[in-house]
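Close look at the chain arrangement
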There are 2 protein chains.
Amino acid sequence: MSLPGARPVRAPRGTEISARSWQTEAPLRMLMNNLDPEVAERPDDLVVYGGTGRAARSWEAFDAIVDTLTDLAEDETLLVQSGKPVGVFRTNVWAPRVLIANSNLVGDWATWPEFRRLEAEGLTMYGQMTAGSWIYIATQGILQGTFETFAAVGTKLHAEGRAPEASLKGTLTLTGGCGGMGGAQPLAVTLNGGAVLIVDVDETRLRRRQAKRYLDEVETDLEVALAKVLAAKAESRPLSVGYVGNAAEVFPALLERHRAGEFFVDVVTDQTSAHDPLSYLPTEYTVESWQAEAAADPEGFTKKSREAMAAQVKAMVEFQDAGSEVFDYGNSIRDEARQAGYDRAFAFPGFVPAYIRPLFCEGLGPFRWVALSGDPEDIAVTDAAIKELFPENEHLHRWIDAAGEFVEFEGLPARICWLGYGDRAKAGRLFNQLVRDGKVKAPIVIGRDHLDSGSVASPYRETEAMRDGSDAIADWPLLNALTATSSGATWVSLHHGGGVGIGRSLHAGQVGVADGTELAEAKLTALLTNDPGMGVIRHADAGYHRAIDVARERGVRIPLLA
Amino acid sequence: MSLPGARPVRAPRGTEISARSWQTEAPLRMLMNNLDPEVAERPDDLVVYGGTGRAARSWEAFDAIVDTLTDLAEDETLLVQSGKPVGVFRTNVWAPRVLIANSNLVGDWATWPEFRRLEAEGLTMYGQMTAGSWIYIATQGILQGTFETFAAVGTKLHAEGRAPEASLKGTLTLTGGCGGMGGAQPLAVTLNGGAVLIVDVDETRLRRRQAKRYLDEVETDLEVALAKVLAAKAESRPLSVGYVGNAAEVFPALLERHRAGEFFVDVVTDQTSAHDPLSYLPTEYTVESWQAEAAADPEGFTKKSREAMAAQVKAMVEFQDAGSEVFDYGNSIRDEARQAGYDRAFAFPGFVPAYIRPLFCEGLGPFRWVALSGDPEDIAVTDAAIKELFPENEHLHRWIDAAGEFVEFEGLPARICWLGYGDRAKAGRLFNQLVRDGKVKAPIVIGRDHLDSGSVASPYRETEAMRDGSDAIADWPLLNALTATSSGATWVSLHHGGGVGIGRSLHAGQVGVADGTELAEAKLTALLTNDPGMGVIRHADAGYHRAIDVARERGVRIPLLA
Ligand SMILES: NC(=O)c1ccc[n+]([C@@H]2O[C@H](COP(=O)([O-])OP(=O)(O)OC[C@H]3O[C@@H](n4cnc5c(N)ncnc54)[C@H](O)[C@@H]3O)[C@@H](O)[C@H]2O)c1
Ligand SMILES: NC(=O)c1ccc[n+]([C@@H]2O[C@H](COP(=O)([O-])OP(=O)(O)OC[C@H]3O[C@@H](n4cnc5c(N)ncnc54)[C@H](O)[C@@H]3O)[C@@H](O)[C@H]2O)c1
């Protein structure tokens, strides 16, 4: 299927602009970049990623957005309602040029059937997080997020005296699933200095990652695979080995030997596609018969795959009992195991409360930028500049170097790294200076995912198990969007549903444009201070001591925290 | 019960300010005014109106808001999360000084039990519409809203050739319920030139309204009451008569005589408190035994009162069959009658789709202002000025004169009237000029209810039965708040629940301050153009022809409407 009006779209490159200024050329190019065939999953349907996350409601709406942006003045603002341009108002130069609200429904109507009905009527679209807000940068974000998670695991192990350094050096990680997302795990572990054994039933998935240099070796003999990762661990050497096997069998088998003291597995997690039982292979079947068996008897297959998941989760829980660091990596495997009748499934935590939340307390989150020139050299310049700006931050240097080596650009050249309160504003000013000084060829767009420290309410993911029980309080993302709108963002977005689905989350995004002007400098300073500042105050309000300390140390003003 | 720290609060009057400018003195005084014992229903509990609609989460939060506002700079912004001040950021002079998000919950958690749980934990509060957004002006709004509704009824009847003039002149209205809200009906009808018979079981409620001059006469003999209103109708003379009786009996009895051609009832509605069956008197009981019977057997009472409502609603439907204009006035009587088994209950429409929506299509909605000086003379000056500004608008003149005569100020002197796209900006500039020229003693606050043309998604009330089925689409109030934030509002609010309850609505508010400066003039122009502009584009997008015409005629820019 492809929607009427479909055609290939690619953002213009270079320094010639068709809009009236870079402040409007930027959203124009980023909208088009989201639909670049290198970037979007199904560009003809305007689908960027994540199920049906769209950049615009229809091709007609896309054209009208493009036309409007081309002509928009520096004190005008375009309104976009679920991917459709609905109005233009005269505002002021500090106001955003585009305001976006996608997929929002009144609470009692916030269900998939109602959403689908309204979507079919042409009244809404699914915006995901960065699809409908025009700041998706393809798969780089996954590698970076996984890198950050494993870095945080290392930091925690070290703080608890369970790892020799604040990294994964000298540790062994066991995980499952080497697919679209999960395939970032082996490289993320080795970039953090660790050894990792990754189990996938499908050898082709492992080989594909090996070809991309995300995975060092693939083995079909468990003893050989084990010997290699154990040697690497002993020598504190990074190494990733893929083993072709079923996690529901391999995890329990390794648990026995871990318990027996034969070796010690430091970290255990999993990214098989457990959220969909038909995509998790039960132990009864082979990869070859998988599709046919699932199609022939979906219910029977589901029952078997849930039982297999229960066996895997039971092993994970018992690894935890036996001293390993264990976490759920966002694939719902705990809940599936619980449905199979395993009552200790939730004995280990999700990755957000375990590792990401401490980062959120410092306003740390995904900071991304895009070179509007289209020239990869511009990203190389920013990479070098950001390393120079933060000379002490080894973790950041490691990532930037790895990204330079492993990341292949898709669409406009982009970079992502995690920065916290204070550092984001510094980086924003630096980029604006690079533009002003002509060190890069064109302005730079600076944005972020909606998954960030102060921008989301999502009780099954980002705000799971908040300290004060405020998981479902949705005032925060709304305040975040209003704050970005007040702080010089060039476009601001408010979405419903994102990664976890209708009825389950509300989240906000913002994008600024470093065009080298003094006004941009002032705007980026306010925006990139206040936006992560929301993360600090949200977590301080929930009672996290680290956030309260950060607020005090770095001067984030909280009235009731005198 | 009263919350810890409770004390009497009243906004300061006069021209001495304690904040750093009028832009922050204004929200300070308006917060305090919301808690003035003349204004608030339970000020000790911080409850302003509408169940538990609060101005602040706790007295501690109130104090912290006051302290913060007192010290806030002209380029700083205070964030309020469900009545609690949570942060202060440096923004810019065009940004709002206060950003407020109240009572918002993620969709799947948007239920009363979850809300009550979070409220009990001290994590949220109910903001209603204008309680938590500091722009409640007590009971004047009800009289004005009722006046507008009956005016719109008159306009419709005339347009359809069913009334001699575009008013209720020469028509007879029959209604029920003369309580807190419903008691505004007789005056609202007579102000529109009509005759009205209002039926209430409780003579004391009728007498109370007579004492306030909202109701002309009270009768206990139906024939006398009828003769009086019929004479008034014949002579095209405004007259309101209260009749002591049960609407479930009186409505069917009058229907027979209407059908028989003895007289013609032009308009039929009802504002008994039908939404709560224990507050509607069944025909079996008297006012004296009411409380005891309801307490003794709530279920039996409910069954009887629903049956009585069904009898009343059946009469209303048949009045419609027999040529009368019939509407539901927001008390859920149709649904109660349906529950009693009457299957035609929804044969007549709710008042919003019937009369208010055509107004919303023009960006018409509640425009209110408050004299920060506290001097009633300042309102008299604005009343005269606004009449002069719109010399042709008879309807407005009639209201302003009536308000001067019937409205007793509660708290800071205030005025409300409905103005549409274009006129709101004119009025805002006029008030700013009055301040600049010293015609009024202090700045004027200009705000509105969250119930407005482009500010709310509420499928049981404001967005019931939208032309395109977009009742539950909640992007609009979010875009409305982002637009106000981009257009120079001094404070902006985003609430959940107000009026219809948790899970059922999302709505936004904005308040500007006319302080006589050039900056205020620019802000008010943008704000009071774009805010009602949202109403025009929301209704144009839903396919209402009137809104499309208004957009074309008055230059509201809609990209897909070329
Ligand atoms: N951290 C997050 O919040 C986050 C982000 C994205 C995705 N996810 C979740 O991670 C999971 C994986 O996503 P993906 O895009 O990589 O999925 P995918 O379908 O591309 O890959 C899943 C892999 O698991 C393998 N697999 C299936 N059953 C197995 C078994 N029994 N033993 C070993 N391997 C098995 C498959 O062969 C496949 O390679 C999903 O559940 C997804 O929802 C989480
Ligand atoms: N237009 C709106 O959106 C809107 C706004 C506010 C209130 N309301 C609704 O309007 C209704 C009235 O509100 P209120 O504040 O005036 O309530 P109220 O309780 O103050 O008054 C109700 C009146 O109805 C009378 N009554 C009860 N049973 C009767 C009967 N069988 N026959 C005749 N009279 C009877 C009572 O004596 C009382 O005077 C409520 O249901 C309320 O929810 C609608």
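Residues numbered from 1 in each chain as written. Chains lettered and ligands numbered in written order. Predicted model: local features only at pLDDT ≥ 70, side-chain atom pairs only at ≥ 80, totals over all residues. Heavy atoms only, no water.

Here's the deal with the overall build of chain A
The helix and strand tally for chain A stands at 18 helices and 17 strands. A globule of 562 residues ought to have a C-alpha radius of gyration of about 24 Å, and chain A, at 23 Å, matches this closely. Expressed along its principal axes, the backbone C-alpha trace of chain A runs to roughly 70 × 55 × 45 Å. Taken over 562 residues, chain A has a buried fraction of 65%. Taking contacts inside chain A between residues at least 6 apart in sequence as the whole, the part at least 24 apart equals 68%. (Helix = DSSP H or I, 4+ residues; strand = E, 2+ residues; numbered from the N terminus. Rg over C-alpha atoms; globule rule 2.2 N^0.38 Å. Buried < 20%, exposed > 50% of the residue type's maximum accessible area, 1.4 Å probe, protein only. Contact = heavy atoms within 4.5 Å.)

A short note on the site of ligand 2
Residue and element names in this part refer to chain B. Taken together, 27 residues sit near ligand 2, with G180, M181, D200, R205 and H275 positioned nearest. Considering ligand 2 on its own, with 870 Å² of exposed area, one finds that the protein chains cover 84% of that surface. In terms of residue class, the shell around ligand 2 is built from ten nonpolar, 13 polar and four charged. (Near = heavy atom within 4 Å. Areas by Shrake-Rupley, 256 points an atom, 1.4 Å probe, with all protein chains shown as cover. Nonpolar A, V, L, I, M, F, W, Y, C, P; charged D, E, K, R; others polar.)

Side note on the relation of the copies chain A and chain B
Relative to chain B, chain A is turned by 180 degrees and slid 0.0 Å along the rotation axis, the superposed coordinates differing by an RMSD of 0.1 Å. In the structure described here, the two chain copies are related by an operation that fits a two-fold rotation axis. Every residue of chain A has its C-alpha some distance from the rotation axis, and the shortest such distance is that of G107 of chain A, at 2.1 Å. (Least-squares fit on C-alpha atoms with pLDDT ≥ 70 in both.)

Topic: the environment of R117 of chain A
All names here are of chain A. Looking at the secondary structure, you find R117 in helix 3 (residues 112-120). When the C-alpha atoms of R117 and K84 are compared, they prove to be 17 Å apart, with 33 residues separating the residues in sequence. At 3.2 Å, the side chain of R117 and the side chain of E114 are in polar contact. (Polar contact = N/O pair within 3.5 Å; in protein donor to acceptor, adjacent residues only side chain to side chain.)

Some remarks on helix 7 (residues 222-234) of chain B
All names here are of chain B. Taking 1.5 Å per residue, 13 residues should reach 18 Å; helix 7 reaches 18 Å between its end C-alpha atoms and fits that length. What helix 7 keeps buried is the set L222, A225, L226, V229, A232 and K233. Looking straight down helix 7, one finds that the buried residues subtend no more than 130 degrees of arc, so they occupy a single side. Considering only its buried residues, helix 7 is in contact with strand 6 (172-176), strand 7 (195-200), strand 8 (217-219), strand 9 (239-244) and helix 8 (247-259). Immediately downstream of helix 7, the backbone of S236 shows phi near 50 degrees, a positive value. (Expected span 1.5 Å × (residues − 1). Arc of directions from axis to C-beta.)

Brief notes about the site of ligand 1
Residue and element names in this part refer to chain A. In the vicinity of ligand 1 there are 27 residues, among which G180, M181, D200, R205 and H275 approach most closely. One nitrogen or oxygen atom from the main chain of G182 is found 3.0 Å from an oxygen atom belonging to ligand 1. A distance of 2.7 Å separates an oxygen atom of ligand 1 from a polar atom in the side chain of D200. Of the residues contributing to the shell around ligand 1, the split by class is ten nonpolar, 13 polar and four charged.

Some words on the environment of D437 of chain B
All names here are of chain B. Position of D437 relative to the elements: it lies in the loop between helix 15 (423-436) and strand 14 (444-447). Residue D437 is classed as partly exposed on the basis of its relative accessible area of 43%. In this structure, the C-alpha to C-alpha distance between D437 and G516, residues 79 residues apart in sequence, is 7.8 Å.

Brief notes about the packing of aromatic side chains
For the coordinates displayed, the defined rule picks out 34 aromatic pairs over all chains. Measuring from centroid to centroid gives 5.2 Å for W59 of chain B and F62 of chain B, while their planes differ by 70 degrees, and the two rings are edge-to-face. Note that W59 of chain B and F62 of chain B are positioned in helix 2 (residues 59-71) at a spacing of three residues, about one turn of the helix. Judged by relative accessible area, W59 of chain B falls into the buried class, the value being 2%. Centre to centre, the rings of F327 of chain B and Y329 of chain B are 5.6 Å apart; their planes meet at 70 degrees, and the pair counts as edge-to-face. Both residues of the pair, F327 of chain B and Y329 of chain B, count as buried. Taken together, the ring pairs in this structure connect F150, F327, Y329, F351 and Y355 of chain A into an aromatic cluster. (Phe/Tyr/Trp six-rings, centres within 6.5 Å; stacked < 30°, edge-to-face > 60°.)

A few points about the pairing of strand 9 (residues 239-244) of chain A
All names here are of chain A. For strand 9, a buried count of six out of six residues is recorded, marking the element as mostly surrounded by other parts of the structure. Residues L239, V241 and Y243 of strand 9 are buried on one face, and the alternating residues S240, G242 and V244, pointing to the opposite face, are buried as well. Alignment of strand 7 (residues 195-200) against strand 9, held across six bridges, turns out to be parallel. When the sheet's bridge partners are listed, D200 is paired in strand 9 with V244. Sheet topology places strand 8 (residues 217-219) next to strand 9; three bridges connect them, and they run parallel. (Pairing = 2+ DSSP bridges.)

Side note on the domain arrangement of chain A
If you check the domain split of chain A, you get domain 1 (22-120) and domain 2 (161-349). For domain 1 of chain A versus domain 2 of chain A, the distance between C-alpha centres works out to 39 Å. (Domains from an automatic or database assignment.)

Digging into the confidence of the model for chain A
For chain A, the average pLDDT comes to 97, and 100% of its residues sit at 70 or higher. Mean pLDDT across the elements of chain A bottoms out in strand 1 (residues 47-49) of chain A (94) and peaks in strand 5 (residues 98-102) of chain A (99). (pLDDT = per-residue confidence, 0-100.)

Concerning the packing of helix 8 (residues 247-259) of chain A against helix 10 (residues 298-321) of chain A
Residues and elements named next belong to chain A. Relative to each other, helix 8 and helix 10 sit at 25 degrees, their axes nearing to 8 Å. By the criterion of interaxial angle, the relationship of helix 8 to helix 10 is roughly parallel. Once helix 8 is placed against helix 10, the crossing between them reads as left-handed. Along its contact with helix 8, which presents A247, A248, F251, P252, L254, L255, H258 and R259, the element helix 10 presents A308, A311, Q312, A315, M316, E318 and F319. (Axes fitted to C-alpha atoms, helices over the stretch in contact; angles between N-to-C directions. Parallel < 35°, antiparallel > 145°, perpendicular 65-115°, else oblique. Left-handed = near helix turned anticlockwise from the far one by under 90°.)

Section: the interface of chain A and chain B
Tallying the contact residues gives 72 residues for chain A and 71 residues for chain B. Taking both partners together, chain A and chain B bury about 6,100 Å²; carbon and sulfur atoms supply 66% of that area. Inspection of the chain A/chain B interface yields five salt bridges. The partner of R557 of chain B in a salt bridge is E76 of chain A, with the nearest N and O atoms 2.9 Å apart. For the pair chain A and chain B, the interface holds 22 residue pairs in polar contact (both at pLDDT 80 or more). Broken down by secondary-structure element, the contributors of at least two residues to the side of chain A that touches chain B are helix 2 (59-71), strand 3 (76-81), strand 4 (84-90), strand 5, helix 3, helix 16 (475-486), strand 16 (491-496) and helix 17 (518-541) of chain A. (Buried area = accessible area lost by both parts, 1.4 Å probe. Salt bridge = Lys/Arg side-chain N within 4 Å of Asp/Glu carboxyl O.)

Some details on the side chain of H450 of chain A
Residue and element names in this part refer to chain A. Relative to the elements of secondary structure, H450 occurs in the loop between strand 14 (444-447) and strand 15 (456-457). On the basis of relative accessibility, which here comes to 0%, the residue H450 falls in the buried class. At 3.3 Å, the side chain of H450 and the backbone nitrogen of G509 are in polar contact. Non-local contacts of H450, meaning those with residues more than four positions away in its chain, are made with M129, T130, S133, S455, V456, S493, H495, H507, A508 and G509.

Some points on the nonpolar core
Residues and elements named next belong to chain A. Formed by 101 residues in total, the largest nonpolar core has its most connected members in W134, F431, V445 and W491. Sort the elements by how many residues they give to this core and helix 12 (residues 351-360) lands first, with seven residues. The two domains that each donate at least three residues to this core are domain 1 (22-120) and domain 2 (161-349). (Core = buried A, V, L, I, M, F, W, Y, C linked by side-chain atoms within 4.5 Å.)

Brief notes about the sheet that holds strand 9 of chain A
Residues and elements named next belong to chain A. Taken in spatial order, the six strands line up as 8-9-7-6-10-11 in an open sheet, and their pairing is parallel. The open sheet has two edge strands, strand 8 and strand 11 (325-326), and neither has a second partner. Taken together, the two bridges between strand 10 (residues 267-268) and strand 11 define a ladder with parallel strand orientation. Paired with V267 across the bridge in strand 11 is E325.

What about the pattern of salt bridges?
Counted under the stated rule, the structure contains 92 salt bridges over all chains. Residues R117 of chain A and E114 of chain A are paired through a salt bridge, measuring 3.2 Å at the closest nitrogen-oxygen approach. Taken together, the residues span about one helical turn, with R117 of chain A and E114 of chain A both in helix 3 at a distance of three residues. One salt-bridge network, held together by shared partners, links D75, E76 and R90 of chain A together with R557 of chain B.

Topic: the pairing of strand 12 (residues 365-371) of chain B
Residues and elements named next belong to chain B. Within strand 12, seven of the seven residues are buried, leaving the element largely enclosed by the surrounding structure. Relative to strand 14, strand 12 is paired through four bridges, and the arrangement is antiparallel. The partner of R368 across the bridge, within strand 14, is G447.

Considering helix 8 of chain B
All names here are of chain B. With 13 residues, helix 8 extends 18 Å from end C-alpha to end C-alpha; this agrees with the ideal 18 Å at 1.5 Å per step. Residues of helix 8 that are buried include every one of A247, A248, V250, F251, L254, L255, R257 and H258, and no others. Contacts made by the buried residues of helix 8 are with strand 6, strand 7, helix 7, strand 9, strand 10 (267-268) and helix 10 (298-321). Of the residues flanking the start of helix 8, the one acting as N-cap is N246, its side-chain oxygen 2.9 Å from the backbone nitrogen of A248. The first or second residue beyond helix 8 is G261, which carries a positive phi of 85 degrees.

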